[in-house]
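Structure assessment
If you want the building blocks of each chain, they are given just below.
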Amino acid sequence: MKLPTCLSIAVASLCSIQMLSAQQLSIAGKITNAEGEPIIGASIFVKGTQQGTSSNESGLFTLNAPSNGTLLIRAVGYAPHEVLINGKTNLSIQLQNDDSEIDEVVVTALGIQRSEKSLGYGAQSVNSATLNANKQPNLVNALQGKIAGATISSTGGAPGQGANIQIRGINSIDPSRPSQPLFVIDGIMMDNSTSTQGGTAEVRGMSNRAVDINPDDIETINILKGGAATALYGLRGANGVVVITTKSGKAGTLKIDYQGTVGVENVNKFPKMQDTYSQGWQGVYNKDDFWPAFGPTVAEAIKLDPTHPSSLYKPFEEAFDSGNQFRNSLSFSGGSEKFSFLTSVSQLKHNGVLPATDFKNYQGRLNTNFTLSEKLKGGSSIAVTNSGGYRGNANRYAEQLIYWSPRHNIRDYVLENGTMNSYGETDNPIYVAHTNRFKDDVLRVIGGFDLTYSPAKWVDFMYRIGVDAYRDNREATAIGYQGLADERIVYDNGVEGADGRGFYNVYNNNFRALTSTFIATFKHDFTEDFNATLRVGQDIYDRNIKRTSTEGGDLTVYNWFDLGNANILKAATYNEKYRLVGYFGELNLAYKDYLFLTVTGRNDITSTLSKNNRSFFYPSATLSYVFSDQFQMPEAITFGKLRLSYAQIGKDAAPYSTSAGFAPYTNLPTGYIGFTRPSLLGDPQLKPEFTNTYEAGLELKFLQSRIGLDLNFYNSVSKDQIIQVPVSSTTGFVTASINAGSMRNRGLEVTLNTVPVKKDDFSWNSDVNFSFNRNKVLEIREDLDDEIVVSSEYGYLNSTVSMRIRPGESYGTLYGRTYKRYYTPDEIAQGLDVTREYDESRPLLIGSNGFPVLESTNVPKKLGNVQPNWIAGWNNTFNYKGLSLNILFDARVGQYRYNQLGNFMAAFGEADYTTNRNDYMTFDGVLADGSKNTKEVWLGQGKDPKNNVDYGNGYYRNYYRGNSQFFVEDASWLRLRSVSLGYSLPQAWLENKFVKNARISVIGNNLALWTKYSGYDPENSTTASGSNIEGFAGMTYPAVRSFLFSLNVGF
Amino acid sequence: MKKFIKIGKISLLALTLFSMNSCKDYFDLTDNPNLVQTPPLNALLTTSTHKAAFNNYRIAYFNNQYSQYFASPSPGSDTDTYQITNNSTTWNNLFYALADLYDYMVKSEEAAAYHHLAVAQALTAYELALVADTWGSVPYSKAFGKEATLNVPYDSEEDVYKAQVDLLNKALENFKRTDGSQTLSEKDDLLNGGKIDKWIKFTNGLKARVLNKISKKSSYNAKQVIAAAQASLESNAEDVGMVTFDGVNPWASISRSNLQNNLDGWLGSNFINQLNGETYGIVDPRVSKITEKTVHGVYVGTVSGQGNVGAANTVRDECYISFNSPVTSDASPLTILTYAEVKFIEAEAAFRDNNKALAYTAFLAGVKASMDKLTVPAADAAKYITAISVGQANLTLLDIFREKYVVTYTNAEAWNDVRRFDYKYKDFKLPLGAVLGGKFIRRVAYPSEEITENGSNVPAEVPLSTELWWDKP
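Counting restarts for each chain, with residues numbered from 1 along the sequence as it is written. In the order they appear in the text, chains get letters beginning with A and ligands get numbers beginning with 1. Restriction of local features to residues with pLDDT of at least 70 applies here, the model being predicted, together with a cutoff of 80 or more for giving and counting side-chain atom pairs; totals for whole chains, interfaces and linings are based on all residues. Processing note: side-chain calculations cover all non-hydrogen atoms of the structure and skip hydrogens and water entirely.

A separate point is the sheet that holds strand 13 (residues 182-185) of chain A. All names here are of chain A. Strand pairing is assigned whenever DSSP detects at least two bridges linking the two strands. Secondary structure counts use DSSP, requiring at least four H or I residues in a row for a helix and at least two E residues in a row for a strand, with both numbered from the N terminus. Read across the open sheet, the 5 strands follow the order 10-15-16-13-14; overall the sheet is mixed. Since the sheet does not close on itself, it has two edges, and those belong to strand 10 (123-127) and strand 14 (188-190), each with one partner. The mean angle between the axes of side-by-side strands here comes to 25°, regardless of whether they run parallel or antiparallel. Taken together, the 3 bridges between strand 13 and strand 14 define a ladder with antiparallel strand orientation. In the sheet register, Ile-185 faces strand 14, and the bridge partner there is Ile-188. As a rule, the C-alpha atoms of each element are fitted with a line to give its axis, helices using only the stretch in contact, and angles between N-to-C directions run from 0 to 180 degrees.

Whether two residues are in contact is decided by their heavy atoms: any pair within 4.5 Å suffices. Each partner contributes to the interface: chain A provides 86 residues, whereas chain B provides 76 residues. Here the quantity called buried area is the accessible surface, traced with a 1.4 Å probe, that two parts lose on coming together, added over both. Both sides together, the interface formed by chain A and chain B hides about 6,700 Å², and carbon and sulfur atoms give 58% of it. When a carboxyl oxygen of Asp or Glu is within 4 Å of a side-chain nitrogen of Lys or Arg, the pair counts as a salt bridge. Viewed at the interface, chain B and chain A are joined by 4 salt bridges. Note that A:Lys611 and B:Asp28 form a salt bridge whose closest N and O atoms lie 3.9 Å from each other. Definition of a polar contact: a pair of N or O atoms within 3.5 Å, with one able to donate and the other able to accept a hydrogen when the atoms are protein atoms, and with sequence-neighbouring residues admitted only if both atoms are side-chain atoms. At the junction of chain A and chain B, the tally comes to 21 residue pairs in polar contact (both at pLDDT 80 or more). For the side of chain A that touches chain B, the elements supplying multiple residues, two or more each, are strand 25 (459-478), strand 26 (503-525), strand 27 (530-555), strand 28 (566-591), strand 29 (595-606), strand 32 (663-664), strand 33 (675-676) and strand 38 (735-739) of chain A.

All names here are of chain A. Reading across from one edge, 3-2-5-6 is the order of the 4 strands in this open sheet, with antiparallel pairing throughout. A strand with exactly one partner marks an edge of an open sheet, and here the two such strands are strand 3 (52-54) and strand 6 (81-84). Adjacent strand axes in the sheet meet at a mean angle of 20°, parallel and antiparallel pairs treated alike. When strand 2 (residues 43-46) meets strand 5 (residues 70-74), the two strands line up antiparallel, connected through 4 bridges. In the strand pairing of strand 5, Ile-44 is matched with Ile-73.

What follows covers the pairing of strand 17 (residues 252-267) of chain A. Strand direction decides the pairing type here: strand 17 of chain A and strand 20 (residues 323-335) of chain A, joined by 12 bridges, are antiparallel. Each bridged residue has a counterpart across the sheet, and for A:Thr261 the counterpart in strand 20 of chain A is A:Arg327.

Here it is as structure tokens:
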């Protein structure tokens, strides 16, 4: 970022010696940004001369200039600004942000800084202000709506809960291989996996490890999307790369910054429940019944039971608390020309809306930059994090909320003796949440050191070594049965063979990854118009993972969590080593500063493939053509650039995909050892898979960059994908590693940045991101019978919904059970009724009993796809003097989700639409003989009052809940992601004060949601972050709407 | 140009410098440290014996519903009413066990450990029977990686049957060998405590079962069945079961969960009515040792397909699996084969062989053994035995199957007998709402996971009332 500024300063200072002057004034001034923060290193010139200087760490400058002159101020990232001196000697100058800065320097692969102009691929970056506008503690969430082509979802609203990020859709057919991009922080590869180690961790919303980064420490995030952008990262960057650059100290005065945020939050969306029918079965009231809502009406129930409340409780709404969060961060930075530093500490405490859930995070960072000599420069960074908290089992909570009858007060969950208060055979979810707990505690260090040696102007050598190491300690606890009077056994609080007798499980995960990068750069100008840069280097990634788990069940002392107190013990260990070395080269050729060609090549050697296949090479080529610099453009066009690229990227297998052997058989009690086949069938012959990507882009700026348009089209095909495919158990294995299948992703990304209003003290910036991705599975290996079932989630009456991969379809098509449609005998003979297509244009088939007919379970029908048709974000910033207002909209359209919660709500008579349960109706459809159905039926349970016909368990239990189609819902949404209003105290108030700048803001997140989806917020998923399985949004941790107040003070 | 040569030199030097650690071994990490390459045979013995017992339980868990020992508390239960159900997990468990047994066979043969080989063969025969008797045609000769394919072809039912007989005969030969390299460890053998004579008796019992299974075929050889049965278990003490649990016996666990309102393990009315005297007019004293009286002080079963009747389903006004029963208590073994069952096999074969004297002796011995096993007081047992002592001339197949029905409670084998006997127990009713057009169920539909993952080989769907190969002449 600093390169052009430094050059201009150098030029300026050289020229200032020859300065001539008539009536010179000594001018002092301060340069600040829109937030009132000082701008460091801005260049200030006297217009029309070479006379100039630059601002210091406090934004201050002094300069001699003619009294009638004009000052021209430039700073990277800000619009150029002119000020008439008019005899003034003290100036306060505010620069406006300028995202359209044309020749910005961006951080590309492996930390290489290149001018944006020369890039032949699209790169999008987010600066600190945009990133932190809505104060999200998880940096992945902080990117939501701000990046074209990135699908980012919270898996739920729990404190610290994992968030998913996918760039340009799903890249692998293999559901078990994350399609998450690589995260790189200050050149160090950073783990962003979501560990689901430990019992129920899978459904407890564990964090993606990017939560360990304090978003306030981040200066910029660059998103490298396609193959060309990530080619130098090699196979680890095959899903895109998120390049994070943290803040660094600036030479000059010391600076202290404090940021404090407090907030409250509530569940943003509940499913709609009926409030007419009370507890019981077949209309018969029983206040201890298992059935929560198949009883009589509330009015009838009150007559039978005087203790019945006058109206039903609302268990869903009452079971969630209001959450809150407190966050403080403090940074201290400064330094000299030779050495600068930034150190920061931060703390977060977040209490969730689901009882007994929280998340804490403590972080510390030290970044330094040093210049030992003209030839030797370097830097270091180290960040330490301690994070974790109590994770709730939201999945089980939602299920138990369904079972809980709204006739009872869910808040009255504990007896005086401390055991569960409940009714009948039902468990109180709040009691279970308080007693069945899971906690993680992560201690992590990410540190790195880099050194650049430049023996001559045309050559430099850079070496960087980094480490990312953490230990993740987890504990699952549940108190056991005590045998007190009135005590109920809590089934969840036990293990197999010792129901409700408590447990204490301990899990430990040790992770260590080393990144070593060496790059040699050579520059040469062949002629004035033609120059070249060559980079060669080597890159090592070395990772060790070691996990242990000890699970102790059946506690003798019911509440003493000690492994010595457990009667049943299970222990397991897991070790994994992974190594990858890449050799790479990159040649940049530039002609006349408007035509740029880059070719790269990389050879990877991986430890996960066998000797013959482990070394593989792949190339890329990109072209950037700034045609606006070659030709005179019409007045309206400020800038125009065309980008073209081709890239190939190889990819290796997951560790031990080629191995064989015997695994421990873990179902035996302590004292017995057995071995069994491992679940994975390894294939020693696995080859690397390759993805070929073609990309074309066009970048245009109009009207002095008031309008900027960026279009990017890509087409990528992955071949020989390495998949761990589920196989028939008759092979003796669960999954097999194979090279199978190819998949295509093509799509368009559009960003439109406009400045509709730009006045002296008012401006409006509007940035729109729009993208769509079309995915197609081109083929899967023939012997897989053209279908891979990736995942499924239970539904009553075999309405289980599965996500399947089939050639010709997009990844992630949801299949389920439907009602039968009418087909003629001829069509049935042709087998048209047993295809996978669900033809809704046909009439419903009605059985002779007058009800629709459920399809055979062998004929699952296609009901929707989980991938959105398009996604968009619209970010608006309004600035008026010290006030700034930021409004962010976020949309995702055309995606489907299975709502398991809805399936259960139908099955238990709790959904609002089940109030018609005692109606008569005639289903619209035809009988098997093709004639129109005219038979009137009753939807209720038992015998109908009119004709005394026995309808058994009723329509909702016999038919409705078995039709997956009702629960695979359009989960499109538009949301007001955030609104933040900030006010910076005017600089004039703070002149010579201890406080240099101050800003207060109020932020609202997730303020409005427009969706047809009937469950909780459809952005969430029941699978952990990092999973490619996103089709299931039923029993999730509900999303929250939060209101935050934030204070930022600089000293 | 010189400059570029220099560049080249420098970069080569640099690369060499940084590639120092990338010597060959650095990447040799394909051996999975979490897997062991040569497990001890006794550890494979542990796995195999544990899985065999649990797989009997897993199959029995649903096929005891077809035999109507159990009935679901929910009306119209899929299993009760013969609808297509998805038994993927059970299918998978069986095939993983068979794959382990195949590896066990290969490893023990390599090591010339013939007793281990014999165990592997006997248990392969047993678990192959469990799958074949449930689903019919199944993959075997090309399964478990015997052939390198992910889509494993199926063997015909007859071939799978022949394979069982063949495996059992081979096992018996191998048990007799004394030149083996390794012995069975007492502790690691969870079924027979490392005792070869017990294994031989057990294998003969399995053989008797298999040979008796084709009672409808013309190739049925009653004398061979009798010979195998007589070489099998000789007392209740020799019953073959497994008692190594985490926690408690899974049937006891069901019983306990049911009492904590996790409803399961409800006993069927056909079974209870036989025991409480309603069907045959004689109260079977074993009833009090199998289950407990309801809150109303009587024994009541649940009608298959009807679900809970009477008071709310948490009111204990019907009978369930009981953790107080000697066969389903916390510490009861998961039994694969009992002496009593062997006696009934002998009785049936002798009956079919027209050797009524032998049939009658074995029949009475079987009932007596069952009474003892269930710790029925001697007087009560004697009273019942007297009541059913019809004399050898009057002995019928119904007598044998009726008494054997009580013995095979919670055993997967029961459904084979029920089908061989064509459900012809007295007053044995179709489940309420059964969907097979008035017919009893004869097979189970292939699980959906297998259809998805190996669809091209899975045999075409037939009505579940279609008899298996051995179930028809």
